[in-house]
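Understanding the architecture of this molecule
The chain contents come next:
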Amino acid sequence: MMNYFEFYDIPESFHPDAAHIKKQFYALSKQFHPDFHANADDEKQQEILELSTLNNKAYQTLSDPNKVLEYILKLHDLVSEGAKPQLPADFLMEMMDINERLMEIESAEQFGEISAEVAAIEGDMNQELNSLTRDYDTLNDTAKENRLNEIANIYYRQKYLLRIKESLDTFAARL
Amino acid sequence: MAYSDKVIDHYTNPRNVGTLDKSSHKVGTGLVGAPECGDVMRLQIQVDDNNIITDAKFKTFGCGSAIASSSLATEWLKGKSVDDAMKIDNMDIVEELALPPVKIHCSVLAEDAIKAAINDYRVKNGMEPIELEKSHH
């Protein structure tokens, strides 16, 4: 099956051109609108329906940076069920430490401290992600492959932060 | 998804939660993570002069199955020799806790944590770390 970037005739990028995607989406929505193919045979109508679905999915994915990130990693088989990426031990230690302190929060002050710490880690991570993804489409194939592994690593580290942020939200609701 | 009674039992009443002295040469610490769901697990063993695990502790931040898997693992570890501990297979945990297929990775995490703890203990005591096969069930 055609991937979303090919479908919209744009280069694979973590920051695809939003205006262009919108334009393509509208143009293809029109082209594959069932009403314009009402007299076609069943097979053709089925094909149009599939293309119209593909167009909707492509648009939903490509217009959301988080979905683009996951989509590209999946295209390259870097995010899959049971994948076991090795995260640095010091990162796991840091996450363990924050989780442990989260469990022992007793005051709004401690809550604020941990929230600030998590926000700082998140800021650094976003910055790192941005610098890794910004020029991705200009790299050659070998460099892209290496870059994707680094990006996947951040993608997984973000999952830990997400989890911690969920716990923080639970605490916030209780305080 | 329904958890089995055993998972619920370990989850609501986890055994051996806590920490052992990481700096002691008798203690091995394994810290592992399951990035796809943001789980992190620490499992520690204390080994006596006869190579028997006398104590085991864990701390897991993750789903019920991950907590139950590590809780069960610490129960099994106590009293076992290090060599026997090495033989604990993730499928034993799956079977005991009746984990559904989507939660098998939680048992894999527990097995990895056991092996990481044993290797930490081995390295601390001048032994070669055991080469771990990458494949699991």
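Residues numbered from 1 in each chain as written. Chains lettered and ligands numbered in written order. Predicted model: local features only at pLDDT ≥ 70, side-chain atom pairs only at ≥ 80, totals over all residues. Heavy atoms only, no water.

With respect to the confidence of the model for chain A
The following threshold applies: pLDDT gives the predictor's per-residue confidence on a scale running from 0 to 100. Numbering of helices and strands runs from the N terminus, with a helix taken as a DSSP run of H or I at least four residues long and a strand as a DSSP run of E at least two residues long.
On average, residues of chain A score 92 in pLDDT, and 97% of them reach the 70 mark or higher. Least confident of the elements in chain A is helix α7 (residues 141-174) of chain A, whose mean pLDDT is 91; most confident is helix α1 (residues 4-7) of chain A, at 96.

Quick word on the environment of Glu131(B)
Here Glu131(B) shows up in the segment after α5 (104-124). Distance in space between the C-alpha atoms of Glu131(B) and Thr29(B) is 17 Å, their sequence separation being 102 residues.

Description of the environment of Lys23(A)
Inspection of the secondary structure puts Lys23(A) in helix α2 (residues 18-31). For the pair Lys23(A) and Glu12(A), spaced 11 residues apart in the sequence, the C-alpha separation amounts to 17 Å.

Overview of helix α5 (residues 89-103) of chain A
Along an α-helix, a turn takes 3.6 residues, which lines up residues three or four apart on a common side. Basically, it comes down to this: Here the expected length of a helix is defined as 1.5 Å per residue gap, with one fewer gap than residues. Relative accessibility decides the category of a residue: with a 1.4 Å probe and only protein chains considered, values under 20% of the type maximum give buried, values over 50% give exposed, and everything between is partly exposed.
The end-to-end C-alpha distance of α5(A), which contains 15 residues, comes to 21 Å, matching closely the 21 Å that a straight helix rising 1.5 Å per residue would cover. Within α5(A), the full set of buried residues consists of Phe91(A), Leu92(A), Met95(A), Met96(A), Ile98(A), Asn99(A), Glu100(A) and Leu102(A).

Details of the pattern of salt bridges
Under the convention used in this document: One speaks of a salt bridge when a side-chain nitrogen belonging to Lys or Arg is within 4 Å of a carboxyl oxygen belonging to Asp or Glu.
What the rule picks out here adds up to 17 salt bridges over all chains. Here Lys59(B) and Glu100(A) are joined by a salt bridge, their closest N and O atoms 3.5 Å apart. Of the two residues, Lys59(B) is situated in strand β3 (residues 53-61) and Glu100(A) in helix α5; the pairing between them involves two chains. Classification of Glu100(A) as buried rests on a relative accessible area of 16%.

Focus: a negative patch on the surface
Residue and element names in this part refer to chain A. Definition in use: Each patch is built from residues that are more than 30% exposed by relative accessible area and take part in no salt bridge. Like charges join if they lie within 9 Å; nonpolar side chains (Val, Leu, Ile, Met, Phe, Trp, Tyr) join within 5 Å. A 1.4 Å probe and the Shrake-Rupley method give the accessible areas. Residues count as covered only by the protein chains that appear here. In this tally, Asp and Glu contribute negative charge and Lys and Arg positive charge; neither His nor the terminal groups of the chain are included. To locate a charge, take NZ of a lysine, CZ of an arginine, CG of an aspartate or CD of a glutamate.
A cluster of acidic side chains, namely Asp41, Asp42, Glu43, Glu47 and Glu50, defines a negative patch on the protein surface. Among the structural elements, Glu50 can be located in helix α3 (residues 42-62). Judged by relative accessible area, Glu50 falls into the partly exposed class, the value being 48%.

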